Amino acid sequence: MKELKNIFIGFLVSFIGSIPLGYLNLIGFEIYVKLGINSLFLFLAGVIFVEMFVIYFTLQFAKQLVSNKKLMKIIDFCAIFFLLILAYSFFASANQPIEQQGIVEKYATYSPFLIGVFLSAINFLQVPFWTGWNLYLMNGNYISIVNKDKVYYIAGTLVGTFMGMLGLILILNTLAQNTSSFSMYVIPVVIPFFFVVLAVVQIVKVYRKHYRNKTEL
């Protein structure tokens, strides 16, 4: 019973966490459109390969990570710059001449699996995300991490991430095929704006987390 509970909770958390538009979903969408479904599967495999280590690491050291305020501050600031760089990358790519457009073409000579591994490895946002969730689930006794129980939890999270990203990418592809203005406005305008908004939200979180108490003293 504990094994099934771990799998279900892990699946639910990661599935919901993968739904909001993130850069991995957008890159996966571009890979699917230009390289096909097999390449998308390899890309997603690379993403969850890295996520497996991130989840395991944060399970083992969640409390130590939260208490290390200096490290968490560095990760939070890296996330801000990361989101702004992504916004600029999509904006610049969309405003290049047509023959030079597309982020994926720059990396087409590499395996989609390696692209997924690299882009997932530099995704700073997943560290605080999984640290917070794992700490909450452990403190609330929603999951068991004794012996092999953590393996079932991690397996559930990986399946949830894979299915969540795959479903969202297929939905984006359907929208792109049925909406002529999708590529005209979404890539050059909406997506960069989305990442800028995320960066602003992250800045507010960093301020509240690391600086608000100091200014109130």
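Rules and cut-offs
Residues numbered from 1 in each chain as written. Predicted model: local features only at pLDDT ≥ 70, side-chain atom pairs only at ≥ 80, totals over all residues. Heavy atoms only, no water. Helix = DSSP H or I, 4+ residues; strand = E, 2+ residues; numbered from the N terminus. Buried < 20%, exposed > 50% of the residue type's maximum accessible area, 1.4 Å probe, protein only. Phe/Tyr/Trp six-rings, centres within 6.5 Å; stacked < 30°, edge-to-face > 60°. Core = buried A, V, L, I, M, F, W, Y, C linked by side-chain atoms within 4.5 Å. Contact = heavy atoms within 4.5 Å. Patch = residues over 30% accessible without salt bridge, like charges linked within 9 Å, V, L, I, M, F, W, Y side chains within 5 Å. Areas by Shrake-Rupley, 256 points an atom, 1.4 Å probe, with all protein chains shown as cover. Salt bridge = Lys/Arg side-chain N within 4 Å of Asp/Glu carboxyl O.

Let us look at the environment of valine 197. Its place among the elements puts valine 197 in helix α8 (residues 182–216). In this structure valine 197 comes out as partly exposed when scored by relative accessible area, which is 35%. Sequence-wise, valine 197 and leucine 84 are 113 residues apart; in three dimensions their C-alpha atoms are separated by 9.4 Å.

For the coordinates displayed, the defined rule picks out three aromatic pairs. Between phenylalanine 49 and phenylalanine 53, the ring centres sit 5.2 Å apart and the planes meet at 75°, which makes this aromatic pair edge-to-face. With phenylalanine 49 and phenylalanine 53 both in helix α3 (residues 37–67) and four residues apart, this pair spans about one turn of that helix. Residue classification places phenylalanine 49 among the partly exposed positions, given a relative accessible area of 37%. Here the aromatic cluster, defined as three or more aromatic residues joined through ring pairs, consists of Phe49, Phe53 and Phe113.

What follows concerns the nonpolar core. Among the nonpolar cores identified, the biggest contains 20 residues, and Leu24, Leu40, Phe43, Leu44 and Leu119 are the most heavily contacted of them. Counting only elements with at least two residues in this core, the list comes to α2 (23–35), α3, α5 (112–121) and α7 (149–178). The leading source of residues in this core is α2, at seven residues. With sequence-adjacent residues up to four places away left out, leucine 24 is seen in contact with Phe43, Val47, Leu119, Ser120, Asn123 and Met165. Ranked by size, the runner-up nonpolar core spans 17 residues in total, among them Val13, Ile48, Val54 and Leu158.

The next subject is a nonpolar patch on the surface. Together, Phe8, Leu12, Phe15, Ile16, Val159 and Met163 make up a nonpolar patch on the protein surface, roughly 550 Å² of accessible area in all. Residue assignment for the nonpolar patch shows that the elements contributing at least two residues are α1 (2–18) and α7. The element that contributes the greatest number of residues to the nonpolar patch is α1, accounting for four residues. Position of valine 159 relative to the elements: it lies in helix α7. The class for valine 159 is partly exposed, based on a relative accessible area of 45%.

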